[in-house]
Amino acid sequence: MSRFIESIKLKDGQLFLLSEHEARLNKTRMEVLCLDKPINLQAALYPFLKEHPTGLFKIRVLYTADIDTIEIHPYQQRAIRHLKVVSGNIDYRYKTVDRTALHQLYSQRGIYDDVIIIKDNLVTDSYYANLVFNDGQTWWTPSTPLLKGVQRAFLLQEKIIKERIIHQEEIPSFKQVKLVNAMMDWVDAPIVAIDNVWT
């Protein structure tokens with residue numbers, strides 16, 4: 001069995017969306033491993049808050065039944081300007097270390113920076129982020145993501161975005177698409193013009 005992972009944003013000594021990460025971690029352990037004793041992420045990550053008081057870091061928590069490893073790396077967001085639409089029958093409902101199927105789709109991007117993954121003619125995610133499309137009035141996230149990201153869940157809860165089914169052929173009708181994940185919040189997330197999406 002592949003190990004599971006949570007990638008958590010640490011900026012200037014502050015952890016972001018920790019309760020959402022902890023909820024997903026423990027939900028995964030319960031659904032996959034039938035373990036109902038929760039892990040306390042706050043306690044596990046507390047030492048890193050003192051060791052890394054300034055700067056932007058990605059914390060990688062690798063776990064199975066218990067936390068196996070905690071890694072921390074400086075983080076720099078890469079530029080995303082162009083996307084390519086690719087199709088695949090992929091299941092990634094749990095955030096695992098094994099991203100082989102995702103990487104096979106990502107490798108089809110050619111000269112583009114990232115991909116929009118289509119499954120059964122429905123828009124899902126990019127290689128490493130959830131997608132949010134702007135129609136000129138509202139930001140919509142597909143209701144069929146491969147992985148329900150913590151940033152996506154937070155934005156839905158705060159009513160910043162809404163969700164709906166988005167078919168592949170609808171992509172050109174939007175104006176922009178944003179890529180959001182735990183490391184890229186609503187303000188910092190890259191925005192790609194639909195004209196820069198190769199369908």
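All of these numbers come straight from a predicted model, not from anything done at the bench. (Residues numbered from 1 in each chain as written. Predicted model: local features only at pLDDT ≥ 70, side-chain atom pairs only at ≥ 80, totals over all residues. Heavy atoms only, no water.)

Draft legend 1. Region of interest: unusual backbone geometry. Phi is positive for Asp12, which is not a glycine, with a value near 50 degrees. If you trace the backbone, Asp12 turns up in the loop between β1 (4–11) and β2 (14–15). (Helix = DSSP H or I, 4+ residues; strand = E, 2+ residues; numbered from the N terminus.)

Draft legend 2. Broad picture of the pattern of salt bridges. Throughout the structure, instances matching the rule amount to eight salt bridges. Measuring nitrogen to oxygen at the nearest pair gives 2.8 Å for the salt bridge that ties Arg24 to Glu6. Within this pair, whereas Arg24 is found in helix α1 (residues 18–33), its partner Glu6 is found in strand β1, the two being separated by 18 residues in sequence. The class of Glu6 is buried, set by a relative accessible area of 0%. (Salt bridge = Lys/Arg side-chain N within 4 Å of Asp/Glu carboxyl O. Buried < 20%, exposed > 50% of the residue type's maximum accessible area, 1.4 Å probe, protein only.)

Draft legend 3. Looking closely at the packing of α1 against helix α2 (residues 41–51). Between α1 and α2, whose axes approach to 10 Å, the crossing angle comes to 125 degrees. By the criterion of interaxial angle, the relationship of α1 to α2 is oblique. The hand of the α1/α2 crossing is right-handed. On the side of α1, the interface is formed by Leu18, His21, Glu22 and Leu25, while α2 contributes Leu41, Gln42 and Leu45. Taken together, the residues of the contact of α1 with α2 sort by class into four nonpolar, two polar and one charged. (Axes fitted to C-alpha atoms, helices over the stretch in contact; angles between N-to-C directions. Parallel < 35°, antiparallel > 145°, perpendicular 65-115°, else oblique. Left-handed = near helix turned anticlockwise from the far one by under 90°. Contact = heavy atoms within 4.5 Å. Nonpolar A, V, L, I, M, F, W, Y, C, P; charged D, E, K, R; others polar.)

Draft legend 4. Summary view of the pairing of strand β11 (residues 176–180). Most of β11 is tucked away: four of the five residues are buried. Relative to β11, strand β8 (residues 130–134) is paired through five bridges, and the arrangement is antiparallel. Opposite Val132, over in β11, you have Lys178 as the bridge partner. Where β11 lies against strand β12 (residues 191–193), three bridges are found, and the strand directions are antiparallel. Directly across from Val177, in β12, lies its bridge partner Val192. (Pairing = 2+ DSSP bridges.)

Draft legend 5. Looking closely at the side chain of Thr28. One can find Thr28 in helix α1. Excluding residues that lie within four positions of it along the chain, Thr28 makes contacts with Phe4, Leu33, Tyr63 and Tyr94.

Draft legend 6. Inspection of the pairing of strand β4 (residues 67–74) at higher detail. As paired strands, strand β3 (residues 56–63) and β4 are joined by seven bridges and run antiparallel to one another. The residue bridging Phe57 from the neighbouring strand is Pro74, located in β4. Hairpin connection of β3 to β4: three residues between the antiparallel strands.

Draft legend 7. Up close: α2. The complete set of buried residues in α2 reads Leu41, Leu45, Phe48 and Leu49. Projected down its long axis, α2 carries its buried residues within an arc of 110 degrees, all on one side. Residues of α2 that are exposed and point over 90 degrees away from its buried face: Ala43, Lys50 and Glu51. Check the buried side of α2 and you find it contacts β1, β2, α1, β3 and β4. For α2, the side-chain oxygen to backbone nitrogen distance between the N-cap and Gln42 is 3.0 Å, and the N-cap itself is Asn40. (Arc of directions from axis to C-beta. Polar contact = N/O pair within 3.5 Å; in protein donor to acceptor, adjacent residues only side chain to side chain.)

Draft legend 8. Structural view of the nonpolar core. Residues Ile116, Phe133, Ile171 and Val197 are the most contacted members of the largest nonpolar core, which totals 28 residues. Among the secondary structure elements, those contributing two or more residues to this core are β5 (83–87), β6 (114–119), β8, β9 (139–142) and β11. Every residue in contact with Val197, bar those within four places of it in the chain, is listed here: Leu83, Val85, Ile116, Ile171, Val177 and Val192. Core analysis: the next-biggest nonpolar cluster, separate from the first, contains 16 residues, Leu18, Leu25, Phe48 and Phe57 among them. (Core = buried A, V, L, I, M, F, W, Y, C linked by side-chain atoms within 4.5 Å.)

Draft legend 9. Here's a closer look at the sheet that holds β11. A sheet is described by the order of its strands in space; here five strands give the open sequence β10-β9-β8-β11-β12, paired in mixed fashion. The open sheet has two edge strands, β10 (162–164) and β12, and neither has a second partner. For this sheet, the mean angle separating the axes of adjacent strands, direction not counted, is 35 degrees. Pairing of β8 with β9 involves two bridges; the strand directions are antiparallel. Note that in β9 the partner of Phe133 across the bridge is Trp140.

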